[in-house]
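The residues making up each chain are set out below.
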Amino acid sequence: MNELREVARTLLTDGTVRVIIGWEDARRGARPVFVTDPAGADKLIFDTRCVHNLVTYLNPRRDNVAELGKIGLVVKGCDAKAVAGLLREAQLTRDDIVLIGVRCGGVLEEAELPEAAPLSPENVAPRCYGCDNREPELVDHLLGESQPEPPRPVMTIDERVAALDGQALEERWAFWTEQFSKCVRCYACRQVCPLCVCERCVVEKSRPQWIEASPHPRGNLSWNITRALHLAGRCVDCGECERFCPVGIPLSLVNRKLQQIVGERYGYTVSDDPETPAPIGDYRLDDKQEFIK
Amino acid sequence: MSRVGVFVCHCGENIARTVDCEAVVEALKDHPGVAFAEDYKYMCSDPGQQLVKKAIEENDLTGVVVAACSPHMHEKTFRRACDQAGLNQYMCEMANVREHCSWIHEDRGEATAKAIDITRTIVEKVKHNKPLESIRIPVTKRALVIGGGIAGIQAALDIADGGHEVVLVEKEASIGGHMSQLSETFPTLDCSQCILTPRMVEAYQHPNIKLHTWSEVEKVDGYIGNFNVTIRKKARSVNEDLCNGCGDCQAACPAKRIPSEFEAGLGKRTAIYVPFPQAVPNIPVLDRQNCTLFKGRRKGLAKDVCGKCQEVCLKGAVDYDTEDTFIEEEIGAIVVATGFQLYNIGREQPEGLKGYGEYGYGEVPDVIDGLQFERLASASGPTDGAILRPSDGKEPKTVVFVHCVGSRDPEKGISYCSKICCMYNAKHAMLYKHKVHDGRAVAFYMDIRAGGKGYDEFSRRAIEEDGAEYIRGRVSRIFRDGDVVKVWGYDTLSGEQVVIDADMVVLATAMRPQDGVRELAQKLSVSTDEHGFINEAHPKLRPVETNTAGVFVAGACQAPRDIPEAVAMASATGAKVMSLFSADELEREPAVAIVNENTCIGCMNCAKVCAYGAIEQREICTVDGHVCGHVAYVNPGVCQGCGTCQAVCLSKSVELQTFTDEQIFSEINALCYWE
Amino acid sequence: MSDATDTSGAAADGFEPRVTAFVCNWCTYTGADLAGTSRLHMASNVRIIRLPCTGRIDPLFIIKAFERGADGVIVSGCHPADCHYTTGNYHARRRFAVFHDLMEFIGVDPRRMTFSWVSASEGAKWRDVVNEAVTNVRTLGPFEAYRALAPKDAGVAAPAGPSAEAEAS
């Protein structure tokens with residue numbers, strides 16, 4: 001943590017960046033903080049409560065953030081992958097940001113605690129298990145000591161997906177339509193997702209209105225399927241969508257399923273290398289087509 | 001307010017037998033937005049079209065739906081009729097109730113219900129059609145031909161004879177390509193240079209052809225009708241305007257032992273040289289790599305150690321201080337005709353190919369390739385046309401010709417057949433036998449591919465009249481054994497191993513694209529296949545076009561080709577270019593994608609999937625000129641209208657005209673199945 | 001009432017599925033034309049919507065078709081390497097592979113969605129694709145589960161409903 005504060009202070013003092021976006025203590029958990037004064041660098045923390053994916057503040061539509069000047073952003077491994085996603089889609093130029101990577105051993109599922117708790121199978125965020133970006137490469141600085149791997153949660157996301165896969169079609173349909181019926185169309189999932197940066201989201205296109213906007217099961221299903229499809233090959237598993245959903249829809253299961261699909265079919269895992277093309281928008285001559293007559 | 005006219009065709013009995021056309025009219029006439037509905041026996045006939053025109057005028061129709069055959073049959077017919085009646089042709093669509101309905105169903109009730117659904121769907125689509133205008137882009141009526149071999153020369157002549165300026169760029173010092181190295185050509189055995197040089201001279205002297213030899217294409221910007229091409233004229237060291245081709249410089253040059261590329265390594269040339277006596281232009285080039293003076297300069301010597309060519313040149317044309325220069329040309333169409341090179345056979349190979357070290361090429365001097373044999377047979381070649389073997393200059397009494405060296409061998413990296421080798425092997429066997437009457441010509445072959453006009457007769461002549469021996473089988477090893485070249489092969493028809501003590505072996509090597517073609521293809525935004533051949537737009541129906549609008553391809557750079565094919569392709573590209581140049585503006589169907597710059601965030605996913613490179617990034621500015629972002633822009637001159645960009649756009653910020661989201665949405669809605 | 005060439009046998013309650021087909025103009029649409037020219041009879045349940053290329057086909061089209069009461073859909077285009085626009089079908093292939101797998105995960109029976117490559121010369125194949133798709137969907141029954149998602153008053157979404165108000169010109 002001291003290392004982080006030092007680096008932040010130096011970057012601000014020598015004018016390399018105009019603002020550092022990181023986490024600060026909020027008495028019940030951590031919360032994002034924008035530090036423009038070198039003295040404020042002491043507010044910066046990094047612990048298991050730092051679940052937020054701060055890359056959401058790099059959304060080019062947020063001109064108020066861009067106006068602050070060059071940004072220094074604190075990122076975990078998953079967050080760094082989101083930066084790569086934005087670079088791939090020409091939403092950022094690498095020179096516009098300084099990435100301060102922190103070595104992460106996982107975060108809490110319930111992070112609104114007055115103090116950081118050590119991780120255990122019972123309290124770790126399931127998405128952290130199996131993290132493949134523990135030494136992010138995209139960053140300009142990589143701070144902190146090497147961390148142990150995130151503990152295996154009581155039930156991993158893959159196991160929960162497998163359990164669903166094992167069910168009959170009708171059971172899955174009943175499960176998902178029930179889950180999606182709860183959706184209130186608040187779009188918190190979209191708002192917090194670092195890769196959802198469209199000026200006018202497809203659900204807001206009214207001529208024609210492909211996705212019905214009011215919160216009933218038919219429109220909700222269309223919205224949730226579309227959201228999932230738009231993230232195929234782009235989702236970095238930061239878990240924010242599920243964390244933000246006020247009605248507890250298990251979006252991590254859908255996201256993981258899509259990762260499995262592109263992994264199995266196209267050998268693709270999302271990385272923080274912006275040069276690797278995303279799977280949708282790319283093709284190989286021998287792509288699997290067993291479902292096509 | 002939409003006022004759509006619905007016209008239901010009986011098509012004689014073709015539709016009316018199965019579909020109740022009056023019922024379709026009845027079902028549609030009160031449909032919201034329909035102002036007129038009628039049925040008729042033959043809509044595509046003159047009275048039928050008159051019916052449409054009259055209805056448009058009398059009812060102020062804003063759209064027309066003709067429920068009849070497939071749009072592939074008559075969409076143009078009815079669009080023309082609408083246009084003549086003053087209704088924008090893109091407000092007319094066809095509902096396919098024949099091929100997709102009356103012809104494939106028996107039950108009248110089912111077919112009629114389906115015909116009503118189909119027609120209603122298209123009516124709903126037309127209500128969202130827009131009165132589009134053809135896209136017009138200006139065309140610069142000048143062509144660029146890259147490559148001065150027979151294909152490039154033919155294309156240049158055809159376009160130039162058609163009255164348009166052609167810029168012909170050739171990377172060697174002379175045009176003519178590989179055809180100038182051949183002695184005789186199949187299937188007529190006429191002299192290659194005799195038929196080629198008149199064409200070369202015609203191209204050089206043609207008032208409409210601007211020839212740049214010893215030059216390459218450096219950069220290509222722009223798009224069809226509007227290319228900007230930068231050409232690098234490499235430093236020749238000889239002023240082309242002053243030189244009169246007298247040849248004194250070559251005679252004076254002290255460096256006389258440089259292997260000649262034209263003689264395929266079997267002869268020598270000087271450092272300042274014209275590649276062959278009939279070269280066009282007959283202006284030498286100075287090979288700075290092998291020139292004594294330039295070697296001295298590279299060593300940093302204070303004084304130039306030679307200067308003979310400059311001394312003897314009475315015109316003062318030799319200039320050692322020239323540098324590469326760049327020329328910009330404005331071009332409307334480009335023809336790629338870069339030809340081929342032969343597979344180099346040795347152990348070391350580029351690009352993942354494996355060599356035939358076992359054939360001794362490069363180690364045994366009497367193992368040569370097809371072009372080298374052409375030079376031996378050529379009257380102006382290093383042996384004045386006598387067949388003499390390279391090692392000791394003796395006349396070989398037994399010559400073995402090996403087919404398929406490199407070709408048809410996926411193990412070694414080339415899976416395709418090079419097409420011309422069976423023919424030129426037969427030719428070589430015949431030329432050899434004509435010159436060495438008591439010689440023995442043996443050919444090892446896999447199959448004989450002689451599909452052209454007169455080709456099979458020609459290849460049989462080699463066997464039946466000139467006594468060439470054809471053995472069906474492969475050669476496993478070729479090596480020197482004392483004075484002979486031993487060839488170990490196999491005769492599959494007799495099932496026996498064969499050993500031949502040859503005096504010389506000629507390997508028929510694969511045709512490959514030239515080096516540097518991949519880089520050139522990138523500059524032109526055309527694609528190449530895994531072997532480096534340029535990809536045609538469609539293998540059967542568009543063999544001389546590429547997927548880049550305005551770039552055409554001719555000859556062996558697209559696939560192994562013989563001379564008649566190369567010439568045919570070249571003339572075909574000529575026709576395509578002439579067609580492009582036939583109007584001052586290029587008129588294109590307005591089925592192109594248009595980006596909504598208000599909602600586009602410039603992620604450029606659309607550009608990544610566009611097969612035609614039609615989408616580029618564009619900066620957008622505020623009213624006071626301050627750059628505030630970037631968006632995608634679709635070039636309407638290049639877009640082919642597939643709509644893949646629209647399907648990948650996450651925010652639906654790009655619309656393909658004639659298949660917009662509104663149109664498709666309304667079609668799906670029209671099929672609403674609620675009871 | 002079933003078409004003579006439909007070999008599946010009508011469902012006991014006479015249910016005839018409604019199938020919406022999204023096909024590319026250059027291959028499948030033309031192949032369907034050829035089926036017509038060759039007088040190849042087939043089930044009459046399919047309604048074709050023409051697109052320039054499978055690359056243009058958006059999964060939202062299929063979702064909208066199901067919302068509008070289709071019991072099944074067909075998506076068909078040119079064989080890989082034959083796309084009129086060179087690469088459109090390669091992109092469609094990936095897009096629909098992901099969509100197909102996701103829909104199955106959500107609990108939609110994949111037999112309700114038929115994907116095929118039908119070239120302009122494959123009139124007979126189109127007939128087979130149509131007949132097979134219709135048979136499969138007939139066996140599965142009406143897609144009541146999707147319609148049950150609709151808001152209670154959605155039944156009045158009549159064919160001309162939305163478009164009647166939103167008249168373009």
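Definitions and cut-offs
- Residues numbered from 1 in each chain as written.
- Chains lettered and ligands numbered in written order.
- Predicted model: local features only at pLDDT ≥ 70, side-chain atom pairs only at ≥ 80, totals over all residues.
- Heavy atoms only, no water.
- Pairing = 2+ DSSP bridges.
- Helix = DSSP H or I, 4+ residues; strand = E, 2+ residues; numbered from the N terminus.
- Axes fitted to C-alpha atoms, helices over the stretch in contact; angles between N-to-C directions.
- Contact = heavy atoms within 4.5 Å.
- Domains from an automatic or database assignment.
- Buried area = accessible area lost by both parts, 1.4 Å probe.
- Salt bridge = Lys/Arg side-chain N within 4 Å of Asp/Glu carboxyl O.
- Polar contact = N/O pair within 3.5 Å; in protein donor to acceptor, adjacent residues only side chain to side chain.
- Nonpolar A, V, L, I, M, F, W, Y, C, P; charged D, E, K, R; others polar.

Student: Any chance you could explain the sheet that holds strand 3 (residues 72-77) of chain C here in plain terms?
Tutor: Within a sheet, neighbouring strands are paired by backbone hydrogen bonds and run either parallel or antiparallel to one another. Residue and element names in this part refer to chain C. Taken in spatial order, the four strands make up an open sheet running 2-1-3-4, and their pairing is parallel. Single-partner strands in this sheet number two, and they are strand 2 (46-51) and strand 4 (113-117). Across the sheet, the axes of successive neighbouring strands diverge by a mean angle of 20 degrees, strand direction being ignored. Here strand 1 (residues 19-24) pairs with strand 3 via five bridges, running parallel. Bridge pairing in strand 3 links phenylalanine 22 to valine 75. Its contacts with the sheet put helix 1 (residues 25-37) on strand 1, strand 2 and strand 3, and the angle it makes with strand 1 is roughly 125 degrees.

Student: How should the domain arrangement of chain A be read in this particular structure?
Tutor: Often, the extent of an interface is quoted as the loss of accessible area upon association of its parts. All names here are of chain A. Annotation of chain A at the domain level lists domain 1 (2-143) and domain 2 (157-266). Of note, the centres of domain 1 and domain 2, computed from C-alpha atoms alone, are 25 Å apart. Each side of the interface is counted separately: domain 1 has 17 residues, and domain 2 has 18 residues. Interface area for domain 1 against domain 2, summed over the two sides, is near 1,400 Å², with a carbon-plus-sulfur share of 55%. If you sort the residues of domain 1 by the area they bury against domain 2, Asn53, Arg61 and Arg127 come out on top, with a joint share of 33%. Joining domain 1 to domain 2, the criterion identifies one salt bridge. Notably, a salt bridge pairs glutamate 89 with arginine 234, separated by 2.9 Å at the nearest N-O pair. Linking domain 1 with domain 2 are six residue pairs in polar contact (both at pLDDT 80 or more), by the criterion used here. Of the residues assigned to the side of domain 1 that touches domain 2, the class counts are seven nonpolar, six polar and four charged.

Student: Which parts of the structure should I look at to understand the interface of chain C and chain B?
Tutor: Tallying the contact residues gives 63 residues for chain C and 56 residues for chain B. With both chains or domains summed, chain C and chain B bury close to 5,200 Å², and 56% of this area falls on carbon and sulfur atoms. The largest contributions to the chain C side of the interface with chain B come from Arg47, Arg56 and Arg68 of chain C, which together make up 14% of the buried area. Joining chain C to chain B, the criterion identifies four salt bridges. A salt bridge links arginine 56 of chain C to aspartate 661 of chain B; the nearest nitrogen and oxygen atoms lie 2.9 Å apart. At the boundary of chain C and chain B, one finds 19 residue pairs in polar contact (both at pLDDT 80 or more). Only strand 1, helix 1, strand 2, helix 2 (59-67), helix 3 (88-106) and helix 6 (161-165) of chain C provide two or more residues apiece to the side of chain C that touches chain B. Within the side of chain C that touches chain B, the residues separate by chemical class into 31 nonpolar, 18 polar and 14 charged.

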